[in-house]
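A closer look at the structure
These are the residues of each chain, in order.
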Amino acid sequence: MADHPSDTGDFAEVLRSPIRTVRELFDRGELSPLELISAVLDQIERHNPSLGALTQVAPEQALEAGRAATERLAHGEVRGPLDGIAVAVKDLVEVNGMALEAGSRVLAGNTATRDAAVVAALRAAGAVLVGKAALDEFALTTVGPARNPLDQRLSPGGSSGGSASAVRAGMCFAAIGTDTGGSVRVPACCCAITGLKPTHGLLPTDGVIPLAHSLDHVGTLARTAEDTALFLEAMLAARPQGRGPQASDPQHYRIGIPADLSGYQPTVRDRFTAVIERAQRKGARVRPLRFPDLDEVGAVHWSILSSELSAYHRHRFGDNEDRYRRPMREAIDAGALVSAERYLDAQQTRGRLRRQVDALLAEVDLLAMPTMTVEPPQHDQTAVTVDGIETDPTAAMVRGTSLFNHTGHPAVSVPPEGGSRGDRPCGIQLVAPYFAERALLDAARAFEA
């Protein structure tokens, strides 16, 4: 590729640096946006064939955007902290002129003819879109086609696994994901990066193919909580007028944790306990609380998700579409069997779950729990065991995250300091009141490695 450095060795540290550090290099004239984008594209060329994180790369457009950012920098016209910074977009989100296939044969060859609202906001902020990220078909499962850069034998999580893999591997600094049951937080946990599901509706889903419209959230994946905050702020320009994130800076967090950690693998419980004990030594006040029943959440989740998924796909693609892979086909068929009464009952239960979580957050500043109930499974693992019971990996991986898709509270998965032991990454999930994303990310900074 033209304009690429012959060796990315000099750039290896830069490609894994915080966005703030890269911007400082720009400002001091030690690095140009064009040089950065060239190095990113070289990194993609070297590592994407084995990781499969990106399904489409746009080198010419990215280099052109890098040149434009370099010109703006030279003339003092920088658009903000993301100007010249490489980002990727999950292939469920429209990017004008690029493929929009949602990981499915059903949309093979489909091309977007406009930018989603959040993509338009990133362009306005000067971010450089380098490619589209791989995902599970229509974002349904957590199996995914991508590989985990930390260990290719491990799942990168899903459905935003390609987004997380690309960020972790230095192929971009941040990526858009979507989260309907944990699809941002789960891959963030598996790849040891930061994944934020904002308050429901904070980021518009205009231009995003739905999985389940009442549960869908646009979210962010980045290496650190600070990078996540910068990325979120850029996309908030896509919001219609209304309430936005509120700032808060508690000196010592009051943290609510589950009083009962049964249903978690022992290693996950042990790591979480170690993280919480470390937080207590630093001044956090921890209070065990009774969280909603995750078994009940799981039953409600599947009823709503499958029903809304089925309605969308049967209406758009028809009853006889035969190109879906097995998980999608089974979900569409299952959703068609959900009665109106069962769906309405599930929605009423959601209201009760929201009130329960609101009541918990009235007593503390934050809720904390392990992001996943299990360690990241092997990439091709078909079952995981918890308390002697085998279960589907996807169900186990989203068991601790889907609650907050139903309640709509902002939740972030962060790789905690002192939490990773052995050969598998872990994540701690923090949850805050509605629109408290800034306070949530402040807390995430305190927890992260």
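This text goes with the structure placed above it.
In what follows, the accompanying structure is described. This one's a predicted model, so the numbers in the text were calculated from it and none came from an experiment. (Residues numbered from 1 in each chain as written. Predicted model: local features only at pLDDT ≥ 70, side-chain atom pairs only at ≥ 80, totals over all residues. Heavy atoms only, no water.)

Moving on, we get to the pattern of salt bridges. As enumerated under the stated definition, the model contains 23 salt bridges in all. The residue Lys-282 makes a salt bridge to Glu-417 at a minimum N-O spacing of 3.1 Å. Remark: Glu-417 occurs in the loop between strand E12 (411–414) and strand E13 (428–431) and Lys-282 occurs in the loop between helix H9 (266–281) and strand E8 (285–289); sequence separation between them is 135 residues. Exposure remark for Lys-282: the relative accessible area of 52% places this residue in the exposed category. Judged by its relative accessible area of 28%, Glu-417 falls in the partly exposed class. Taken together, the salt bridges that share partners define one network made up of Glu-94, Arg-114 and Asp-206. (Salt bridge = Lys/Arg side-chain N within 4 Å of Asp/Glu carboxyl O. Helix = DSSP H or I, 4+ residues; strand = E, 2+ residues; numbered from the N terminus. Buried < 20%, exposed > 50% of the residue type's maximum accessible area, 1.4 Å probe, protein only.)

The next subject is the layout of surface pockets. Computed from the structure, the second largest pocket encloses a volume of approximately 300 Å³. Asp-260, Ser-262, Pro-292, Asp-293 and Leu-294 are, among the 15 residues lining the second largest pocket, the residues nearest its centre. For the lining of the second largest pocket, a count of residues per class yields eight nonpolar, two polar and five charged. (1 Å grid on protein atoms, 1.4 Å probe; cavity = no way out; pocket = protein on both sides within 12 Å on 5 of 7 lines; lining within 4 Å. Points joined across faces, edges and corners; volume = space filled by probe spheres on them. Nonpolar A, V, L, I, M, F, W, Y, C, P; charged D, E, K, R; others polar.)

As a further point, take the packing of helix H5 (residues 117–124) against helix H8 (residues 225–235). Viewed as axis vectors pointing N to C, H5 and H8 meet at an angle of 105°, and their least axial separation amounts to 8 Å. With respect to H8, the axis of H5 lies roughly perpendicular. Residue-level contacts link Val-118, Ala-121 and Leu-122 of H5 to Phe-231, Ala-234 and Met-235 of H8. Residue composition of the contact of H5 with H8, by class: six nonpolar, no polar and no charged. (Axes fitted to C-alpha atoms, helices over the stretch in contact; angles between N-to-C directions. Parallel < 35°, antiparallel > 145°, perpendicular 65-115°, else oblique. Contact = heavy atoms within 4.5 Å.)

This part is about the environment of Arg-445. Within the secondary structure, Arg-445 sits in helix H15 (residues 437–447). Relative accessible area serves as the criterion here: at 34%, Arg-445 is assigned to the partly exposed category. For the pair Arg-445 and Val-386, spaced 59 residues apart in sequence, the C-alpha separation works out to 30 Å. In contact with Arg-445, other than residues within four places in its own chain, are Ala-225, Glu-226 and Ala-229.

From the geometry alone we can't say anything about function, so treat these as descriptive.
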